[in-house]
Amino acid sequence: MEFECPKSIEVSEKLVICSEDCCEEQSEANQVNSKPEIENIENLELASDFENQTEKGSISKPDSELNSKKGIPVVCSCKAGNEVLSNYRRSITDLPLALISEILNCLGPKELGIISCVSTNLHRLASDHHVWKEFYCERWGLPFVLDLELPNEKSWKELFVERDFRSRTFMGRHSIDVLHGHTEAVRTVFLLASAKLIFTSGYDSVVRIWDMEEGLSIASSRSLGCTIRAVVADTKLLVAGGTDGFIHCWKAEEGLPHLFEIRGPQNQNNQFRLWEHEGPVTCLALDLTRIYSGSWDMTVRIWARFSLKCLMVLRHSDWVWGLAPHNTTVASTSGSDVYVWDTTSGALMNVIHNAHAGTTYTLARSHTGDFLFTGGEDGAIHMFEISSHCLKTDVLKVATWIPHSGPVYSLAFEFPWLVSASSDGKLSLVDVRKLLRTSKDGLRKSLSFKQMHPGSIEPPQRMLHGFGSNLFSVSIGADRIVCGGEEGVVRIWNFSQALEIEQRVRASRAIRSEHRMRRRKLRLEMNGKGGRSDQCSVAASKKNSINGERNGVWHNKRGMSSKVKA
């Protein structure tokens, strides 16, 4: 990759000035000379001699001075031309760092990876570029633990490559762990990957905390007196909502391995309840400052996490089944429609009417908030792109999947995998990387997807089945998929085995590549010695040819002697 630098332009300007000076000298010489015809003939002869000398590669200094005096600008142009040729070729590393950064900023992860393999300088520039952080955050958000004080902290490129590598293991081998503890159907599951905890609840009115690695029950709450239909948590707060209209909350306690103390009676220091809904709470969500709750009273309520006051009420025309917030917007499902709201003003930004044939039960959202996934009673899964232009918000359908024969009750998304749970007892895994749009102009480095034909249906990449019917909830994270349903058990699909196998395969592939490079290097060294091996091979071939001729003569002599004897 080469660029024409401004320095070459300066050299070309010098070339023009030099040629103009030579032309002026030529005109002055023509004016001074009294015999123009003779001088022209001499100039032609000198020019022809000069051309012959340049072809032979021998130009002497006096001749060049003579030609310049006679008004021939050839030598000056040759010197400037050599200067142009010597300064014309430049690599990208010769550009200013700010310009290189802007060029790299227009590339995607694949292109940056290719550029980092070209040279050591480009490897350093492409690996340390800040755009890797943007790539990581727009797919998965900030890492769970990022200790800036560690001396051997991983770069953003290493974090991106490692996370992208881990995401590919969901197509590999897996093991299934079955967790027993609930006495009735499990309505909701939530995987908190940063703390390696699983939260579950259901018809038995008990919230349980499980260890993700060991699959053991850590703690269980007292009976909350109603069916728990939604559970959500982060490292600071655990929230559960049930059919009694209450939102039960637990604050995290310092020094506690499983974060929340949910056993025993209600403690006012770390446990509280919110109540304003007039119907069962069906869905919950959290962000840094707010709590979102949806209910069959046809409202979505937004609560302040610190003051615990209801900030806003968003009213719908039917029961609310699901919600997904992002920054200053929240998407919700009501009946068969999908709503997009502005949480700062409470204004309705857009409505997707009849998103599904029947009730739209669930929805999920990408980390950037630009893409929305819905599942409904018709067994279909739709993907929509949300784009905002000034005061207008447009929603465009991108793709459709129909992997299930029954209603889709739950969706979970972690880039690039969309997981769905259905009443047919199956889980489907959809890789949205298949729909990624390749940007040729490089002006848009954020995630974008191809718009499929409205009638086209995409197949899922994998189906997990063979279990009981009515899977009500699913969650994904940390190489695991967690699901609960009518059987009253919690299942964990563990793909860490596939990760270990893939790591071993990659290590063996690296060893084979290293051995191949060593053999190639030894072959080049043997060829570099050159002369002796070539001479030996020539001598050996001559010797073999001489021996062959002698053997032929010997056989001929034997043949002749036999004929004479006969």
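In this convention, every chain numbers its residues from 1, walking through the sequence in written order. In keeping with the model being predicted, local features are shown solely for residues with a pLDDT of at least 70 and side-chain atom pairs are shown and tallied solely at 80 or more, while totals for entire chains, interfaces and linings include all residues. Side-chain measures here rest on the full set of heavy atoms in the structure, leaving out hydrogens and waters.

A.B. asks: I tried to follow the confidence of the model for the chain on my own but got confused; where do I start?
C.D. replies: Fine structural detail should not be taken from predicted coordinates in areas where pLDDT scores are low. Known as pLDDT, the predictor's per-residue confidence is scaled from 0 to 100. Put simply, the chain has an average pLDDT of 77, and 72% of its residues get 70 or more. The contact criterion used is simple: two residues touch if any of their non-hydrogen atoms lie within 4.5 Å. Across residues 1-78, where pLDDT falls below 50, the model places 52 contacts with residues more than four positions away in sequence or in other chains. Of the regions scoring below 50 in pLDDT, residues 562-566 engages in 0 contacts with residues more than four places distant in sequence or in other chains.

A.B. asks: Just checking my understanding: could you explain the sheet that holds strand 10 (residues 281-286) for this structure?
C.D. replies: By way of backbone hydrogen bonds, the strands of a sheet pair with one another, either parallel or antiparallel. At least two DSSP bridges between two strands are needed for those strands to be called paired. Put simply, DSSP marks the helices as runs of H or I at least four residues long and the strands as runs of E at least two long, and each gets a number from the N terminus on. The strand order across the open sheet built from 4 strands is 10-11-12-13, with neighbouring strands paired in antiparallel fashion. Each edge of the open sheet is held by one strand with a lone partner, namely strand 10 and strand 13 (310-315). Here the strands of the sheet are splayed against their neighbours by 15° on average, with no regard to which way each runs. Bridging between strand 11 (residues 290-295) and strand 12 (residues 299-304) involves 5 bridges; their strand directions are antiparallel. Residue pairing for strand 12: R290 is matched across the bridge by A304. Geometry is summarised by axes, namely lines fitted to C-alpha atoms with helices restricted to the contacting stretch, and by angles between N-to-C directions that run from 0 to 180 degrees.

A.B. asks: Looking at this structure, I do not really get the pairing of strand 27 (residues 480-485). What am I missing?
C.D. replies: Regular strands place side chains that alternate from one sheet face to the opposite one. Buried residues are those whose accessible area, probed at 1.4 Å on protein chains only, stays under 20% of the maximum for their type, while exposed residues exceed 50% and partly exposed ones sit between those limits. Across the 6 residues that make up strand 27, a large majority, 6, are buried. Side chains R480, V482 and G484 of strand 27 all project onto a buried face; the interleaved residues I481, C483 and G485 project onto the opposite face, where all are buried too. The pairing of strand 26 (residues 471-477) with strand 27 spans 6 bridges and is antiparallel. Across the sheet, S473 pairs through a bridge with G484, a residue of strand 27. The hairpin formed by strand 26 and strand 27 contains 2 residues between the paired strands, and A478 there has a positive phi angle of roughly 55°. Of the strand pairs in this sheet, strand 27 and strand 28 (residues 490-494) are connected by 5 bridges, and their pairing is antiparallel.

A.B. asks: What exactly am I supposed to notice about empty space enclosed by the protein here?
C.D. replies: Which parts of space are left empty comes out when a probe the size of a water molecule is rolled across the atoms. Both site types are read off a 1 Å grid over the protein atoms alone. A 1.4 Å probe that fits but cannot get out defines a cavity, while an open set with protein on both sides within 12 Å along at least five of seven lines defines a pocket; lining residues have an atom within 4 Å of a point. Grid points are joined across faces, edges and corners, and a volume is the space filled by probe spheres set on the points. For the structure on display, the rule yields 2 cavities of 30 Å³ or more. Here the largest cavity is characterised by a volume of approximately 80 Å³. Surrounding the largest cavity, 13 residues form its lining, L471, G484, G485, E487 and R491 being those nearest its centre. Take the lining of the largest cavity: its biggest share by element is 3 residues, from strand 27. Residue classes in the lining of the largest cavity are distributed as 5 nonpolar, 5 polar and 3 charged. Note that Gly is not counted as nonpolar here; it falls among the polar residues with everything else outside the nonpolar set of Ala, Val, Leu, Ile, Met, Phe, Trp, Tyr, Cys and Pro and the charged set of Asp, Glu, Lys and Arg.

A.B. asks: Teacher, can you tell me more about the nonpolar core here?
C.D. replies: Most often, soluble globular proteins keep nonpolar side chains buried together rather than apart. Formed by 32 residues in total, the largest nonpolar core has its most connected members in L112, M383, W401 and L418. The biggest single contributor to this core is helix 8 (residues 131-140), with 5 residues. Setting aside residues no more than four positions away along its own chain, L418 makes contact with F373, I381, W401, L411, A412, F413, S428, L429 and V430. Counting 17 residues, the second largest nonpolar core, distinct from the first, contains F199, V231, L238 and I262. Remark: nonpolar core denotes a set of buried residues (Ala, Val, Leu, Ile, Met, Phe, Trp, Tyr, Cys) joined through side-chain atoms within 4.5 Å.

A.B. asks: Hey, could you run me through the pairing of strand 11 in this one?
C.D. replies: Across the 6 residues that make up strand 11, a large majority, 5, are buried. Counted between consecutive antiparallel strands, the loop separating strand 10 from strand 11 contains 3 residues. Between strand 11 and strand 12, which pair antiparallel one after the other, the connecting turn spans 3 residues, and M298 there sits at a positive phi close to 70°.

A.B. asks: Can you walk me through unusual backbone geometry in this structure?
C.D. replies: It is generally the case that most residues other than glycine have a negative phi and that most peptide bonds are trans. The residue after F415, namely P416, is reached through a cis peptide bond having omega 5°. Summarising the element assignment, P416 is placed in the loop between strand 22 (408-414) and strand 23 (417-422). One non-glycine residue, S205, adopts positive backbone phi at about 70°. As for its position among the elements, S205 is in the loop between strand 3 (197-202) and strand 4 (208-211). Judged by relative accessible area, which is 8%, S205 ranks as buried. Even without glycine at this site, A478 takes up a positive phi of about 55°. Inspection of the secondary structure puts A478 in the loop between strand 26 and strand 27.

A.B. asks: Explain the pattern of salt bridges to me, please; I cannot follow it from the model alone.
C.D. replies: Pairing is possible between side chains of opposite charge, provided their charged atoms come close. Salt bridges, as used here, are contacts in which a Lys or Arg side-chain nitrogen is within 4 Å of a carboxyl oxygen on Asp or Glu. According to the stated counting rule, one finds 13 salt bridges in the structure shown. Where R433 meets D164, a salt bridge forms, and the shortest distance between an N and an O atom there is 3.5 Å. Residue R433 is found in the loop between strand 24 (427-431) and strand 25 (462-464), and its partner D164 is found in helix 9 (residues 156-167); the two are separated by 269 residues along the sequence. Neither residue differs from the other here; R433 and D164 are each classed as buried. Between E213 and K196 there is a salt bridge, with its nearest N and O atoms 3.7 Å apart. Residue E213 is found in the loop between strand 4 and strand 5 (217-220), and its partner K196 is found in the loop between strand 2 (186-192) and strand 3; the two are separated by 17 residues along the sequence. When its relative accessible area of 41% is taken as the criterion, K196 is described as partly exposed.

A.B. asks: I keep staring at a positive patch on the surface and nothing clicks. Help me out?
C.D. replies: Like-charged residues are merged into a patch within 9 Å and nonpolar side chains (Val, Leu, Ile, Met, Phe, Trp, Tyr) within 5 Å, provided each residue has over 30% relative accessible area and no salt bridge. The method behind every accessible area is Shrake-Rupley, applied with a 1.4 Å probe, and residues are considered shielded solely by the protein chains displayed. Positive charges come from Lys and Arg alone, negative charges from Asp and Glu alone, with His and the N- and C-terminal ends not counted. Charged groups are reduced to one reference atom each: NZ for lysine, CZ for arginine, CG for aspartic acid, CD for glutamic acid. A cluster of basic residues, R506, R509, R512, R516, R519, R520 and R523, forms a positive patch on the protein surface. Mapping R520 onto the fold places it in helix 10 (residues 496-529). Residue class for R520 comes out partly exposed when judged on its relative accessible area of 43%.

A.B. asks: When you look at the packing of aromatic side chains in this model, what are you seeing that I'm missing?
C.D. replies: Think of a pair of aromatic rings as described by two things: how far the centres are apart, and how the planes are tilted against each other in angle. To pair, rings of Phe, Tyr and Trp, with the six-membered ring standing in for Trp, must have centres within 6.5 Å; the planes then decide the type, stacked if under 30 degrees apart, edge-to-face if over 60, and tilted in the middle. Taken as a whole, this structure holds 19 aromatic pairs when the rule is applied. Centre to centre, the rings of F199 and F260 are 6.0 Å apart; their planes meet at 65°, and the pair counts as edge-to-face. Of this pair, F199 sits in strand 3 while F260 sits in the loop between strand 8 (246-251) and strand 9 (271-275), and the two are 61 residues apart along the sequence. Exposure remark for F199: the relative accessible area of 0% places this residue in the buried category. Linked through ring pairs, W132, F135, Y136, W140, W156, F160 and F415 together constitute an aromatic cluster. The rule for a charge over a ring is simple: NZ of Lys or CZ of Arg within 6 Å of the ring centre, and within 35 degrees of the ring normal. In this structure, R187 is placed above the aromatic ring of F472, and the distance from its NZ or CZ to the ring centre is 4.1 Å. Seen from the ring of F246, R273 lies directly overhead, with NZ or CZ sitting 4.0 Å from the centre.

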